[in-house]
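Per-entry structural report
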Amino acid sequence: MTIFDEIYEMYTPHVYRFARALTRDAGDAEDLFQETWLRAYRAASEGVEPRGSEAKAWLFAIAANAHRDQLRKKRVRRLFLSERKRSLEVGPADADLGWDSPGRAGEDGAARSDIRLCLRRAVARLPGKERRVFVLKDIEGFKHDEIAGVLGIPEATVRTLLHRAVKRLRKDMAEFRPVKEAGPVLEEGRT
Amino acid sequence: MTPRVSCPDIERLMLEGEDRELARAERSLIEDHLGGCAGCRAFSADRLEIREVTAALRWPEPPDRLVRKTREMLLENEPEARTAALPTWVLAAMAVFAVATGLWLAVSLAGVTPDMTLADLPVAGLAAVLIIIQNALTLLFAPVVLRTVRARRGASESA
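Nothing here was measured: the structure is a model prediction, and the numbers come from that model. (Residues numbered from 1 in each chain as written. Chains lettered and ligands numbered in written order. Predicted model: local features only at pLDDT ≥ 70, side-chain atom pairs only at ≥ 80, totals over all residues. Heavy atoms only, no water.)

**Structural notes on the packing of helix α5 (residues 128–139) of chain A against helix α3 (residues 38–56) of chain B**
For clarity, the cut-off: To obtain each axis, a line is fitted to C-alpha atoms, and for helices this fit is confined to the stretch in contact; angles are then taken between N-to-C directions over 0 to 180 degrees. Think of it this way: any DSSP run of H or I at least four residues long counts as a helix, any run of E at least two long counts as a strand, and we number them from the N terminus. Each angle gets one of four labels, with under 35 degrees taken as roughly parallel, over 145 as roughly antiparallel, 65 to 115 as roughly perpendicular, and the rest as oblique. We call two residues in contact whenever any of their non-hydrogen atoms come within 4.5 Å of each other.
Relative to each other, α5 of chain A and α3 of chain B sit at 75°, their axes nearing to 10 Å. Between α5 of chain A and α3 of chain B, the angle falls in the class roughly perpendicular. Only R47, I50, R51 and T54 of chain B of α3 of chain B make contact with α5 of chain A, whose side of the interface consists of F134, D138 and I139 of chain A.

What follows is the structure, given as structure tokens:
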């Protein structure tokens, strides 16, 4: 088994869920998944083959670039075919990232399940840049400097985007929740 | 005296604390602020909840069909096959031809004015129009053609 084979075995699920998070569409995610691995394979065959934890960041950077190209192509096509704007970065309000909540019995389980549903919807509704940063931070566990490397943006921008994402998630989750659970989002005494 | 910091600054600092170990002064700054700010306490509680809920979600797995198909696609794209596609001298000749055509068009089209009709255009003008139409058609149809070819290939493989 080559190093690339090991990388493929190890990171296939990660790349797929990142593709789902980026595109919010199963079909586009599959295209992006394939394009990412194709680019990675070509790079590896030219001698670029990172090892260990670097491999994950390397793959995600490829996926992010491939997604940018995918959006660019869509924009060009839309120019000619007048495709609806929502098929691009801005997805439908009920878009999902393909996440599934593990079921739990009991009242508490139902409440937790509601919160999960709220979060899933809220993350899917995040603007593209904020969603990318949030997914890389909270789901993939990257550090701020690694996210900056993956997305090719300054670290300060990563921090700002994450802060905005969390604020937006709080607001969106409060909207989704029943009134009695809207809970501790009061902004009293803020400076 | 404790420096006065704004809520957004405290929130950013709390988020930064997830990424690196904060200095003692930074930690006490947060603690002092949280003691008197309900809004930031709510932010902290919500952030914790978001992290917990995110960690409890089950993520989508790539379909087996996709994993298998991608693997096969990678095997089809062996580097030898790709490098043998076009010799370097052909690529160089194509580049020279493209640049020469561009220069010829630029020189020939210098006399074209906006009030000219298609019939008044010189040969270079017609060539430019043809090139523009050809590029537009390629741009328009290439994705559709590629998608169709891939779909047919996929269908024949699965059959």
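**Some remarks on the nonpolar core**
Note the following rule: To define a nonpolar core, start from buried Ala, Val, Leu, Ile, Met, Phe, Trp, Tyr and Cys residues and group those joined through side-chain atoms within 4.5 Å. Relative accessibility under 20% of the residue-type maximum defines a buried residue, over 50% an exposed one, and the middle range a partly exposed one, all with a 1.4 Å probe and only protein chains included.
Counting 69 residues, the largest nonpolar core has W37, L59, L119, F134, L136 and L169 of chain A together with L74 of chain B as its most contacted members. It is helix α1 (residues 3–23) of chain A that contributes the most residues to this core, ten residues altogether. The residues contacting L119 of chain A, other than those within four sequence positions of it, are L169 and M173 of chain A together with I50, V53, T54 and L57 of chain B.

**Some details on the interface of chain B and chain A**
We apply this condition: Put simply, buried area is how much 1.4 Å-probe accessible surface two parts lose in total, over both of them, once they are put together. Note on definitions: salt bridges are taken to be side-chain nitrogens of Lys or Arg within 4 Å of carboxyl oxygens of Asp or Glu. The term polar contact refers here to a pair of N or O atoms within 3.5 Å; inside protein, the definition further demands a hydrogen-donor-capable atom paired with an acceptor-capable atom, and it admits residues adjacent in sequence only when both atoms are side-chain atoms.
Counting from both sides, the interface comprises 51 residues of chain B and, opposite them, 55 residues of chain A. Here chain B and chain A share an interface that buries about 5000 Å² over both sides, 60% of which is from carbon and sulfur atoms. Counting every contact that joins chain B to chain A gives six salt bridges. Where chain B meets chain A, there are nine residue pairs in polar contact (both at pLDDT 80 or more). The element contributing the most residues to the side of chain B that touches chain A is α3 of chain B, with 14 residues.

**Examining the packing of aromatic side chains**
Residue and element names in this part refer to chain A. Put simply, the test is: Working definition: rings of Phe, Tyr and Trp (its six-membered ring) pair if their centres are within 6.5 Å, and the pair is stacked with planes under 30 degrees apart, edge-to-face with planes over 60 apart, and tilted otherwise.
Taken as a whole, this structure holds seven aromatic pairs over all chains when the rule is applied. Judged by centre distance (6.0 Å) and plane angle (80°), the ring pair of Y16 and F33 falls under edge-to-face. With Y16 in helix α1 and F33 in helix α2 (residues 26–45), this pair connects stretches of sequence that are 17 residues apart. Among the residues examined, Y16 registers a relative accessible area of 3% and is labelled buried.

**Looking at the layout of surface pockets**
Rule in force here: Put plainly, a pocket is an open set of points on a 1 Å grid over the protein atoms alone with protein on both sides within 12 Å along at least five of seven lines, a cavity is a set where a 1.4 Å probe fits but cannot get out, and a lining residue has an atom within 4 Å of a point. Grid points are joined across faces, edges and corners, and a volume is the space filled by probe spheres set on the points.
Computed from the structure, the largest pocket encloses a volume of approximately 1100 Å³. In terms of lining, the largest pocket is formed by 34 residues, of which the most central are D31 and E35 of chain A together with L146, R147 and R150 of chain B. When contributions to the lining of the largest pocket are tallied by element, the ones reaching two or more residues are α2 and α3 (53–81) of chain A together with α4 (64–76) and α7 (123–158) of chain B.

**Points about the pattern of salt bridges**
Tallying each qualifying case throughout the model produces 20 salt bridges over all chains. Put simply, E30 of chain A and R65 of chain B hold a salt bridge, and the shortest N to O gap is 2.9 Å. A residue pair is termed interchain when its members come from two chains, as with E30 of chain A in helix α2 and R65 of chain B in helix α4. The closest approach of N and O atoms between R159 of chain A and E16 of chain B, which form a salt bridge, is 4.0 Å. Taken together, the residues R159 of chain A in helix α7 (residues 155–176) and E16 of chain B in helix α1 (residues 7–16) connect one chain to another. Using a relative accessible area of 18% as the deciding quantity, one classes E16 of chain B as buried. Within this structure, K137 and D138 of chain A together with E18, R47 and R51 of chain B form a network of salt bridges that share partners.

**Here's the deal with a positive patch on the surface**
Defined as follows: Candidates for patches are residues over 30% relative accessible area with no salt bridge; among them, like charges are joined within 9 Å and nonpolar side chains (Val, Leu, Ile, Met, Phe, Trp, Tyr) within 5 Å. Residue burial considers only the protein chains on display, and all accessible areas are found by Shrake-Rupley using a 1.4 Å probe. Within this scheme the basic residues Lys and Arg register as positive and the acidic residues Asp and Glu register as negative, but His and the chain ends are omitted. Where a charge sits is defined by one atom per residue type, namely NZ (Lys), CZ (Arg), CG (Asp) or CD (Glu).
Together, K73 of chain A together with K69, R150 and R153 of chain B give the surface a local cluster of positive charge. Among the structural elements, K69 of chain B can be located in helix α4.

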